[in-house]
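What the coordinates show
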Amino acid sequence: MKIFRAYDIRGIYKKDIDEDVMQRIGRTFASYIKENTAVVGRDFRIGSLEMKEAFVQGMLKSGKNVIDVGALPLGTGMFHAWRKNLPFAYITASHLPKEWTGVKFFHGNGIGFMEEEGKKIKEIFLKEDFSSGKGTLKKEKTSSVIEDYKDYLLSKIKPENSLRLVLDPGNGAACVVADKIFKEAGFEVKTIFNEPDGNFPNRLPDPLEDPLEKLRELSKNADLGIAYDGDGDRMVVVDDKGEKLSVEQASFIMLEEILQKEKGPIIANVECTRTIDFIAKKFGRDVKRIKVGHTFLMEAVMKEKASFGLETSGHFVIPSLLPYDDSLAVSFFFACVLSKKSRPLSELVKQIPRYPFERINLECDDERKFQIMKKITEKIKSQYTRVTTIDGVRVDLENGWVLIRPSNTSPVIRITVEADTEENLKEMKERFINMVKEEIEKNQKA
């Protein structure tokens, strides 16, 4: 079944996944986990309430107890599970369009289920090898869970000075938490698109893909703008000139603070630019590259005892703050760091090394993309010498690098290019786009 992905379960609501399927998924999850109790939460997507209730019923039928924390951001629900060291299931399709639904699974330490665990989940689901019993349901007061989370963050870090902020939860789960944290910390806050709405009427649920026009315009009269995705686990930062920061630029600002105090390497996925290598070298740290996926990010951060972790998709983890990736907590940390600076964010960004860079998505059938990638990898390995295949295929050239990999969550093959000059970027981009398009076309004709 195509709803089972590398790190989670996703599909179109009422087409790929309905309440009956989700109840079976709940039974599967309950049959798989060793613990007797798990925490369950949800986002505000269309159908998320019904899907959560079906999932919970499945868990109860398989004899496991449920602590239901209601509708809130993923990181806030994970905080409750982490505090209790219990598995966590969260009903969401994250940053995908409104028609999608799904569920993510986490261990009590904050690490998401790995690919092998996902395969076991799929196996139990298909065989219907479910345990049976009669679990109990406890409904936590969502507002209390949010308060505990907010109080924890405010106890960990505080701003030195007030800043003018614009927050854009995008009608997603961050609506119920974000402005409360920043206002209580003493920031001057303007919030837009702050009513939960599963239709996402104002912008895309993915802030990396959306132009964020209103946020960028309002941020010109503020010190900082922050946008979140549908379930609040990704973020994008906007400076006082209305410009989006790259994930690496945002990380650079935080790392100047973190690396003065914290030990350990930096974890970055294979898509991250050389900006991270520059800041690491400045502080004498290693950068350890990993496969794309927040599960791999979290696993590597814990294994390597890292000081910081980042993903190009807008996931960040600061272990000294929280031992899992949570964009709400990280965005609050970012604002507190900026509050110490004497110069505007746009001026700080100018000092950060950055090379010409572009990421291109080419549509490719979900069922065929991995086979097509195999052909592309074979071709590249036959033509180039400095090739890495940790995740997709990366080619290091004299004047830059190219990464080609299939998305694990969308029907696309992604090409990432970073070059020394704009001219190099253009040439490399055209060369490898043509290569990928050629393989996609060949496969369609076959």
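This text follows the structure it describes.
Residues numbered from 1 in each chain as written. Predicted model: local features only at pLDDT ≥ 70, side-chain atom pairs only at ≥ 80, totals over all residues. Heavy atoms only, no water.

What follows deals with empty space enclosed by the protein. All told, the structure shown has 2 cavities of 30 Å³ or more when counted by the stated rule. By volume, the largest cavity is sized at about 70 Å³. Phe4, Arg5, Ala6, Tyr7, Asp8, Ile9, Phe105, Phe113, Met114, Gly118 and Ile121 are the residues that line the largest cavity. Of all the secondary structure elements, the ones that give two or more residues to the lining of the largest cavity are strand E1 (8-12) and helix H4 (115-127). Of the residues that constitute the lining of the largest cavity, the class distribution is 8 nonpolar, 1 polar and 2 charged. (1 Å grid on protein atoms, 1.4 Å probe; cavity = no way out; pocket = protein on both sides within 12 Å on 5 of 7 lines; lining within 4 Å. Points joined across faces, edges and corners; volume = space filled by probe spheres on them. Helix = DSSP H or I, 4+ residues; strand = E, 2+ residues; numbered from the N terminus. Nonpolar A, V, L, I, M, F, W, Y, C, P; charged D, E, K, R; others polar.)

Of the voids in this model, the largest pocket is the one considered here, and its volume is about 1,200 Å³. Forming the boundary of the largest pocket are 49 residues, of which Asp206, Leu208, Glu209, Thr312 and Arg359 lie nearest the centre. Taken together, the elements giving at least two residues each to the lining of the largest pocket come down to E1, strand E5 (100-106), strand E10 (235-238), helix H8 (247-258), strand E15 (357-363) and strand E19 (412-419). It is E15 that contributes the most residues to the lining of the largest pocket, 4 residues altogether.

The sheet built from 4 strands is open, its strands ordered E8-E7-E9-E10 with mixed pairing. Two strands lie at the open edges of the sheet, namely strand E8 (188-191) and E10, each paired on one side alone. Recorded for the sheet is a direction-independent mean angle of 20° between the axes of neighbouring strands. Sitting on the sheet, helix H11 (residues 327-338) is in contact with strand E7 (164-168), strand E9 (224-228) and E10, with an inclination near 175° to E9. (Pairing = 2+ DSSP bridges. Axes fitted to C-alpha atoms, helices over the stretch in contact; angles between N-to-C directions. Contact = heavy atoms within 4.5 Å.)

Now for the sheet that holds strand E13 (residues 308-310). If you walk across this open sheet you meet the 4 strands as E12-E11-E13-E14, and the pairing is mixed. Of all the strands in the sheet, the pair left with one neighbour each is strand E12 (287-290) and strand E14 (316-317). Of the pairings in the sheet, the one linking strand E11 (residues 266-269) to E13 comprises 3 bridges and is parallel in character. Looking at E13, one finds that Ile266 is bridged to Phe308. Strands in contact with H8 are E11, E13 and E14; relative to E13, the strand with the most contacts, it is inclined by about 175°.

Turning next to unusual backbone geometry. Phi angles above zero are rare outside glycine, and Asn171 is one such case at about 65°. Relative to the elements of secondary structure, Asn171 occurs in the loop between E7 and helix H6 (178-185). Phi at Phe200 is positive, roughly 45°, even though this residue is not glycine.

For the rest of this paragraph, the subject is the packing of helix H5 (residues 142-156) against H11. When two helices pack together, their arrangement is given by the angle between the helix axes and by the axis-to-axis distance. Running from N to C, H5 and H11 point in directions that differ by 30°, and their axes come no closer than 11 Å. When the axes of H5 and H11 are compared, the crossing they make is right-handed. Only Leu328, Ala329 and Phe332 of H11 make contact with H5, whose side of the interface consists of Tyr149, Leu153 and Leu154. Looking at side-chain class alone, the contact of H5 with H11 contains 6 nonpolar, no polar and no charged residues. (Left-handed = near helix turned anticlockwise from the far one by under 90°.)

The next thing to look at is the environment of Phe105. Its location among the elements puts Phe105 in strand E5. Residue classification places Phe105 among the buried residues on the basis of a relative accessible area of 5%. Spatially, the C-alpha atom of Phe105 lies 6.8 Å from that of Asp8, the residues being 97 residues apart in sequence. (Buried < 20%, exposed > 50% of the residue type's maximum accessible area, 1.4 Å probe, protein only.)

This brings us to the pairing of strand E2 (residues 37-42). Here is the key point about a regular strand: its side chains alternate between the two faces of the sheet. With 6 of its 6 residues buried, E2 lies for the most part within the structure. Inspection of the sheet shows E2 paired to strand E3 (residues 65-71) by 6 bridges, in the parallel sense. Following the sheet pairing, Arg42 is matched in E3 by Ala71. Handedness of the β-α-β unit built from E2, helix H2 (residues 48-61) and E3 comes out right-handed. Inspection of the sheet shows E2 paired to strand E4 (residues 88-91) by 4 bridges, in the parallel sense. If you follow Gly41 over to E4, its bridge partner there is Tyr90. (Right-handed = clockwise from strand over helix to strand, strands pointing away.)

Assignment of secondary structure puts Phe296 in helix H10 (residues 294-304). It is 9.6 Å that separates the C-alpha atoms of Phe296 and Glu115, two residues lying 181 residues apart in sequence.

Before going further, it helps to examine the side chain of Lys104. Summarising the element assignment, Lys104 is placed in strand E5. Separated by 3.2 Å, the side chains of Lys104 and Asp231 make a polar contact. Among the polar contacts made by the side chain of Lys104, one reaches the side chain of Asp233 at a distance of 3.1 Å. Among all residues touching Lys104, those that are not within four sequence positions of it are Asp8, Arg10, Leu74, Phe88, Ala89, Tyr90, Thr92, Ser94, Asp231 and Asp233. (Polar contact = N/O pair within 3.5 Å; in protein donor to acceptor, adjacent residues only side chain to side chain.)

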